[in-house]
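So you can see what is in the structure, the chains are spelled out below.
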2 protein chains.
Amino acid sequence: MTEHDIQLLKSHFTFWDKLSPHQKDILIGGTTAVSYERGDSIHSADLDCVGVLLIKKGSVRVYILSEDGREITLYRLYDGDICILSASCVLQSITFDVHIDAVSDCEFLQTNSCAFSQIMQENIYVEAFAYKLASESFSDVMWAMQQVLFMSFDKRLALFLLEESANEQSDTIHMTHEQIARFVGSAREVVTRMLKYFSSEGYVELSRGNVHITNRAGLTSLTL
Amino acid sequence: MTEHDIQLLKSHFTFWDKLSPHQKDILIGGTTAVSYERGDSIHSADLDCVGVLLIKKGSVRVYILSEDGREITLYRLYDGDICILSASCVLQSITFDVHIDAVSDCEFLQTNSCAFSQIMQENIYVEAFAYKLASESFSDVMWAMQQVLFMSFDKRLALFLLEESANEQSDTIHMTHEQIARFVGSAREVVTRMLKYFSSEGYVELSRGNVHITNRAGLTSLTL
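Residues numbered from 1 in each chain as written. Chains lettered and ligands numbered in written order. Predicted model: local features only at pLDDT ≥ 70, side-chain atom pairs only at ≥ 80, totals over all residues. Heavy atoms only, no water.

**Topic: the environment of Tyr203(B)**
All names here are of chain B. Cut-off, in case you're wondering: Note on conventions: DSSP H or I runs of at least 4 residues are helices, E runs of at least 2 residues are strands, and numbering of each starts at the N terminus. Buried, partly exposed and exposed residues are distinguished by accessible area as a fraction of the type maximum, computed with a 1.4 Å probe on protein chains only: under 20%, between the cut-offs, and over 50%, respectively. Contact between two residues is taken to exist if any of their heavy atoms lie within 4.5 Å; hydrogens are not considered.
The topology assignment puts Tyr 203 in the loop between helix 7 (188–200) and strand 10 (204–207). For Tyr 203, a relative accessible area of 11% translates into the label buried. The sequence separation of Tyr 203 and Ala 158 amounts to 45 residues, and the corresponding C-alpha distance is 9.5 Å. Excluding its chain neighbours within four sequence positions, the residues that come into contact with Tyr 203 are Phe 198, His 212, Ile 213, Thr 214, Asn 215, Gly 218, Leu 219 and Leu 222.

**Structural notes on the packing of aromatic side chains**
To keep it simple, the criterion reads: Classification of ring pairs uses Phe, Tyr and Trp, with its six-membered ring standing for Trp, and accepts pairs whose centres are within 6.5 Å; under 30 degrees between planes counts as stacked, over 60 as edge-to-face, and the remaining range as tilted.
Using the criterion set out here, one finds 21 aromatic pairs over all chains in the structure. On the numbers, 5.4 Å between centres and 45° between planes, the contact of Tyr36(A) with Phe108(A) is tilted. One end of the pair, Tyr36(A), is in strand 1 (residues 31–36); the other, Phe108(A), is in strand 8 (residues 106–111), and 72 residues separate them in sequence. Assigned by exposure class, Tyr36(A) and Phe108(A) land together as buried. Ring geometry for Tyr197(B) and Phe198(B): centres 6.1 Å apart, planes at 55°, overall tilted. Judged by its relative accessible area of 36%, Tyr197(B) is partly exposed. Classification of Phe198(B) by relative accessible area gives buried; the value is 0%. Members of the aromatic cluster, each reached through a chain of ring pairs, are Phe13(A), Phe15(A), Phe116(A) and Phe129(A).

The values reported here are purely geometric and, on their own, carry no functional implication.
Right, here's the structure in full:
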């Protein structure tokens, strides 16, 4: 880690000032700078838990997977966010596991579970920090759950396209129907059918691997 | 509160020994014994948050409600459990709200949000306790979510009937199809259709407001 990385740790791990000098050493010693490429699997239910991730750059997607391969995206994290569910093994009240993929090329500071677990057991401020972070994820998941369970699919897909367009600062979304289906927690066939309807209404134009928004007002009207 | 109630508080609020004498007074002063009748609404998104509930006796159901009235049960709590989402207003990282109903006649120790918030702000052990409890609910919700989103409905309904039968220690489940639909997060028509199928297979017998399990092994085979 560089001096800059250590400053990042200090500013994002808000319990830093409550750590003993020895605990600070454990935290720094247990943290390494790592990078992942777009599409990499960072964490899955089958692997050992990778630890706490501080995202320096890039974004990750946290999702669950059914036995028959359906995915539901729970939430995404971006620059400056901390991912705690990748260290669920150290949180005794978290009994489920999730998958985490890199949405773009990513750089993280990764604190291994062993180091984090040790300072968490010794220091109540670290424990409170970790469970509070988990509760933030809980709020994100509840939002996603309400979307998936309660919102009609045209509204959901329109919202996704508008959000993705805002994220990318472009009218064109470079994703296949399969990829979109994964993000919105649906089947490819359902996405394709709805995109064709959007296209027939003049809201979007479709080409191979791209959705181009041609009538933003029309698409927005579906979300109201 | 009786002396017995205070002992209950001490044994369930595991941060008790970390409280100052003044904080102990605030906690006791802010807690009252209350009772609710079966079917009562205890907490909803529209009401002020009622505070932390320690369940002395009875059970509650925590659920979300869509704009068009669909319910999804997130989890249930029983004797000795503590409900923290009824005090979500004091947890800044919890940004959603839930509904809570009494499933049976209930007795609680209810610590008002104001008192709980005060000791939580002053005492990091209380904060860690509260967020850890919230994370336990998170785990329950993830389980429910996977059931609703991923599990085929015959399996889900069979599991529900078997669990309910075990809870009530009876082969007969006294619930209408409408009530069952609410618990399993489905529509009444879907429940009715599946129960008729179960009946035609000889797994259950149906009568007004009752489902009687007649072939437990058969029903269990659906859940495997």
